[in-house]
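# An overview of the molecular structure
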Amino acid sequence: MNEAFMRERPVLPLIVTMSLPMVLSMLVNSLYNIVDSFFVAQISEASMTALSLVYPIQNLVNALAIGFGVGLNAAISFYLGSERRDRASAAAVHGVVLTGLTIVLLPSFLEMFTQDPEVLELGVRYGRTVFCFSLLLSLGLAYEKIFQAVGRMKVPMAALLTGCLTNIVLDPLLIFGPGPFPKLGIEGAALATGIGQTLTLLVYLAAWRSCALPITLNRRELAWDWRLDLRLYSVGIPATLSLALPSLLISALNSILSAFSPIYVVILGIYYKLQTFLYLPASGIVQGMRPVIGYNYGAGEQGRVREIYRVTLGLCAAIMAAGTVLCLAIPAQLMGLFTQNPESIRAGAEALRIISAGFLVSSVSVAAGGALEGLGKGGPSLVISLLRYTLVMIPAAWLLSRLIGPAGVWHAFWLSEAVT
């Protein structure tokens, strides 16, 4: 395959072509998570509670695999751009990260949050089933970043769509057991997720065998190379931490808001559902940009690197501008998609109007963070994430909530984006 198109094609159509498959795949991923929760909630309230408690560990496993996958993506793109294919192949081998301790640690983790024996049992049953597929998940994410790094964006889209759609179809069949299917309850939801992840990996393996790629995977590439490992982990570790920070932020904000009323906790949860449809497309654009900017950086195309960043920033800003308009024009209707409580709709509409003031400026942080990761500069990218999610956001939310009540938390969103 001739990957020189990443250096030769016009930047705007190139970024759109590279990003569109990832935008669609990430939106589908978001959809199947919502469907997953919908079916589990129909089993019992205890099942939904168990699923919610297991989620932080799932998020950690995903953050580890995706974070080091980002480091893998940046290293491969850089070495391909500098025409060092041997180093790109070595990066692909070194990039596979495995996780297994979650199964052993799961019961102790759940006991930190609940003493309800039914919830504990359901959580362990779900978690142990879903974490049995952690190795396959990590392998699938490694292949995803490899294909992205060489510009084959349609393969990850096909693989992710296969897994997500499989999970959506199997969820009700394995949970409730109609016809010949076994009635597995909450374990059925975990099994449906695992089967979807397995099929995703199989699609990657089939594509790997049929595609002519500029990198190889073999044992001789396992030799230790401190320069290669430094490039992988200097991006991978900050990316992992960046992915884990939103969970810390949500927990901290829930703690602040719950002191006023449970309604504000519900509003925060609805906001994060709504903002998914803004930040996921922006993240998809950044993922499409990352291998392109890394390749051109490795090839010494400094002017093109700057153009790639400007185009990505413009696309992210357009998405955020559209979100701002919607939150200002129809905030009550947006809140009404998830709640029928008039008080929640009223207070939530006010929250959306305030938070949306930071959407447009956040496009700078989103685009800059992704560009820095693509250039192999994980440290500065981590600083951006720390400012947005912890160092500015949490202290500002706490202080402003003491001064002006729960609205102070909503003002902290745009303030932290402006400072960042």
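Rules behind the numbers
Residues numbered from 1 in each chain as written. Predicted model: local features only at pLDDT ≥ 70, side-chain atom pairs only at ≥ 80, totals over all residues. Heavy atoms only, no water. Helix = DSSP H or I, 4+ residues; strand = E, 2+ residues; numbered from the N terminus. Buried < 20%, exposed > 50% of the residue type's maximum accessible area, 1.4 Å probe, protein only. Contact = heavy atoms within 4.5 Å. Axes fitted to C-alpha atoms, helices over the stretch in contact; angles between N-to-C directions. Parallel < 35°, antiparallel > 145°, perpendicular 65-115°, else oblique. Left-handed = near helix turned anticlockwise from the far one by under 90°. Phe/Tyr/Trp six-rings, centres within 6.5 Å; stacked < 30°, edge-to-face > 60°. pLDDT = per-residue confidence, 0-100. Nonpolar A, V, L, I, M, F, W, Y, C, P; charged D, E, K, R; others polar. Patch = residues over 30% accessible without salt bridge, like charges linked within 9 Å, V, L, I, M, F, W, Y side chains within 5 Å. Areas by Shrake-Rupley, 256 points an atom, 1.4 Å probe, with all protein chains shown as cover. Salt bridge = Lys/Arg side-chain N within 4 Å of Asp/Glu carboxyl O. Core = buried A, V, L, I, M, F, W, Y, C linked by side-chain atoms within 4.5 Å. Bend = angle between axes of the 7 residues up to and from the residue.

### Let's talk about the overall build of the chain
Helix and strand counts for the chain come out as 18 helices and 0 strands. Counting the 420 residues in the chain, one finds 55% classified as buried. Look at the contacts in the chain between residues 6 or more apart in sequence, and 79% of them connect residues 24 or more apart.

### Things to note about the packing of helix 8 (residues 154-176) against helix 9 (residues 186-210)
In the contact formed by helix 8 and helix 9, the axes pass within 7 Å of each other and the chain directions differ by 155 degrees. It follows from the interaxial angle that helix 8 and helix 9 lie roughly antiparallel. Once helix 8 is placed against helix 9, the crossing between them reads as right-handed.

### Section: the packing of aromatic side chains
Scanning the model with the defined rule gives 2 aromatic pairs in all. Measuring from ring centre to ring centre gives 5.3 Å for Y271 and F413, while their planes differ by 70 degrees; the resulting arrangement is edge-to-face. With Y271 in helix 11 (residues 262-298) and F413 in helix 18 (residues 407-419), the pair connects residues that are 142 residues apart, well separated along the chain.

### Thoughts on the environment of Y126
Checked against the element boundaries, Y126 lands in helix 6 (residues 117-131). Judged by relative accessible area, Y126 falls into the buried class, the value being 2%. The spatial distance from the C-alpha of Y126 to the C-alpha of E187 is 5.1 Å, given a sequence separation of 61 residues.

### Here's the deal with the confidence of the model for the chain
Any region with low pLDDT has predicted coordinates that should not be read closely. When pLDDT is averaged along the chain, the result is 76; 67% of the residues meet or exceed 70. Throughout residues 82-100 the model reports pLDDT below 50, and contacts reaching past four residues in sequence, or to other chains, amount to 62 contacts. Long-range and interchain partners of residues 216-224, a stretch whose pLDDT sits below 50, account for 20 contacts in this model, where long-range means more than four residues apart.

### Topic: the environment of R128
For R128, the position within the fold is in helix 6. The exposure class of R128 is partly exposed, given its relative accessible area of 39%. Placed 59 residues apart in sequence, R128 and E187 show a C-alpha to C-alpha distance of 9.0 Å.

### Here's the deal with the packing of helix 11 against helix 14 (residues 342-355)
One can describe the packing of helix 11 onto helix 14 by two numbers: an axis separation of 10 Å at closest approach and a directional angle of 55 degrees. Classified by the interaxial angle, the pair formed by helix 11 and helix 14 is oblique. The two elements helix 11 and helix 14 meet at a crossing, and its hand is right-handed. On helix 14, the residues that touch I263, Y264, I267, Y271 and L274 of helix 11 are E343, S344, A347, G348, A351, L352 and I355. Each residue belonging to the contact of helix 11 with helix 14 can be placed in one class, and the counts come to 9 nonpolar, 2 polar and 1 charged.

### Observations regarding a nonpolar patch on the surface
Nonpolar side chains collect at one region of the surface, where W398, L399, L403 and I404 lie side by side and expose about 450 Å² of accessible area between them. Following the sequence through the fold, W398 ends up in helix 17 (residues 393-404). Given the relative accessible area of 46%, W398 is considered partly exposed.

### As for the nonpolar core
I15, L253, Y271, F359, V409, W410 and F413 are the most contacted members of the largest nonpolar core, which has 50 residues in total. A per-element tally of this core places helix 11 first, with 15 residues. Those residues in contact with Y271 that lie beyond four places of it in its chain are Y279, L352, I355, F359 and F413. Membership of the second largest hydrophobic core comes to 11 residues, among which are F39, V40, Y126 and F131.

### Side note on the pattern of salt bridges
Here the structure, examined in full by the defined rule, presents 3 salt bridges. In this structure, the salt-bridge partner of E187 is R125, at a minimum N-O distance of 3.5 Å. With E187 in helix 9 and R125 in helix 6, this pair connects stretches of sequence that are 62 residues apart. For R125, a relative accessible area of 28% translates into the label partly exposed. Between E417 and R388 there is a salt bridge whose closest N-O contact spans 3.0 Å. Of this pair, E417 sits in helix 18 while R388 sits in helix 16 (residues 378-391), placing them 29 residues apart in sequence. The exposure classification of E417 matches that of R388, with both residues buried.

### Overview of helix 16
At S385, helix 16 shows its largest bend, some 25 degrees. Taken together, the buried positions of helix 16 are G378, S381, L382, I384, S385, R388 and T390.

### So, the environment of A190
Inspection of the secondary structure puts A190 in helix 9. On the accessibility criterion, A190 (0% relative accessible area) is buried. Separated by 15 residues in sequence, A190 and I175 have C-alpha atoms that sit 9.3 Å apart. If we skip the residues at most four places from it in the chain, A190 touches Y126, T129 and V130.

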